[in-house]
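Letter by letter, the chains look like this.
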Amino acid sequence: MINKQVFIRALLIYVIPYLVLLVVILGLLCCYPKPELHMLLNSRHSAFQDTFFKYYTLLAEWPLYLLALLPLFWKKGKITLFFAVSELTGGVFLQLLKHTICIDRPVCLFEHYPQWVLPLVEGVDMHHSNSFPSGHASTFFVFCTCCVIVLTYFYSRKGKSYDLKTRLLFDLSLLVLLVLAALGAYSRVYLSQHFLSDVYVGGIIGFVTPFLIFYLFRKKFLKPKKQEIK
């Protein structure tokens, strides 16, 4: 069994900064028109950032799926199942939105704003349709949020106590996962594959879905038999 209070406290280390980030981004979305905001976030490029984001964004296309298979090596197939169901559930909802709303990508929108030159990264294949919401942002947040839930679950098991250094390192690891997810989402804006609103909603889908799946199926995915969260 797990200690519910410890479980919730640990999750809040991840959830509260994420909610603050949501509020900040919402403020930007309300204050700036879409094209102006995109240029504001995407106007400062460098060779290092071009290379970093060009390859970092690719993690959401297949490497993260391979990492989700690692629990199988420790005979923790239910954890991999948790990752898979979360990604599939979020992906289905996201694709429904994509093909229902059908918003053009930045390269199409900026054809109507010749006064602005859209910064592009060499070697990146640009997409033109189904911009909203961002699938990459969703995948980054699904993966990192699943990691947070699994790590927090095992961290909060009853009968285990940790010293201050261990607790601080654990809390830091949750914040690092949030930063990694946020960087993945921002990479889509930097590469002009999505607008901030696209990654905003994609990130919400990726954040909420694992919590929903965990709440509905926690006994099947993570809990040992005959045990419950109390």
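Every value quoted in this text rests on a predicted model; they were computed, and no experiment measured them. (Residues numbered from 1 in each chain as written. Predicted model: local features only at pLDDT ≥ 70, side-chain atom pairs only at ≥ 80, totals over all residues. Heavy atoms only, no water.)

A. Representation of the nonpolar core in the model. The biggest cluster of nonpolar side chains holds 43 residues, and the ones touching the most others in it are Tyr14, Phe82, Phe83 and Phe141. Elements represented by at least two residues in this core include exactly α1 (4-31), α5 (77-101), α7 (135-155), α8 (164-190) and α9 (196-221). With 13 residues, the single largest contributor to this core is α7. Those residues in contact with Tyr14 that sit more than four places away from it in its chain are Phe141, Cys144, Thr145, Val148, Leu174, Leu177, Leu178 and Phe207. Counting 12 residues, the second largest nonpolar core, distinct from the first, contains Met39, Val107, Val121 and Leu191. (Core = buried A, V, L, I, M, F, W, Y, C linked by side-chain atoms within 4.5 Å. Buried < 20%, exposed > 50% of the residue type's maximum accessible area, 1.4 Å probe, protein only. Helix = DSSP H or I, 4+ residues; strand = E, 2+ residues; numbered from the N terminus. Contact = heavy atoms within 4.5 Å.)

B. Local environment of unusual backbone geometry. Cis rather than trans, the peptide bond between Phe132 and Pro133 has omega equal to -10°. Its location among the elements puts Pro133 in the loop between α6 (106-109) and α7. Positive phi values are uncommon outside glycine, yet Lys75 reaches one of about 60°. Tracing the backbone shows Lys75 in the loop between α4 (63-67) and α5. If you check the backbone angles, Cys102 has positive phi at about 55° while not being a glycine. Residue placement: Cys102 occurs in the loop between α5 and α6.

C. Examining a nonpolar patch on the surface more closely. A surface patch of nonpolar side chains, about 410 Å² in accessible area, is lined by Ile8, Leu12, Ile16, Val20 and Val24. If you trace the backbone, Val20 turns up in helix α1. (Patch = residues over 30% accessible without salt bridge, like charges linked within 9 Å, V, L, I, M, F, W, Y side chains within 5 Å. Areas by Shrake-Rupley, 256 points an atom, 1.4 Å probe, with all protein chains shown as cover. Salt bridge = Lys/Arg side-chain N within 4 Å of Asp/Glu carboxyl O.)

D. The arrangement of the packing of aromatic side chains in detail. The full count for this structure, using the stated rule, is 21 aromatic pairs. Taken together, the aromatic side chains of Phe48, Phe52, Phe53, Tyr56, Phe140, Tyr186 and Tyr190 make up a single cluster linked through ring pairs. For the cation-ring pair, Lys34 lies above Phe195, with the distance from its terminal atom to the ring centre recorded as 4.7 Å. (Phe/Tyr/Trp six-rings, centres within 6.5 Å; stacked < 30°, edge-to-face > 60°. Lys NZ or Arg CZ within 6 Å of the ring centre and 35° of its normal.)

E. Layout of α7. Taking 1.5 Å of rise per residue, 21 residues should cover 30 Å, and α7 covers 30 Å from first to last C-alpha, within 8% of that figure. Capping the start of α7, Ser134 holds a side-chain oxygen 3.1 Å from the backbone nitrogen of Ala137, two or three residues further along. (Expected span 1.5 Å × (residues − 1). Polar contact = N/O pair within 3.5 Å; in protein donor to acceptor, adjacent residues only side chain to side chain.)

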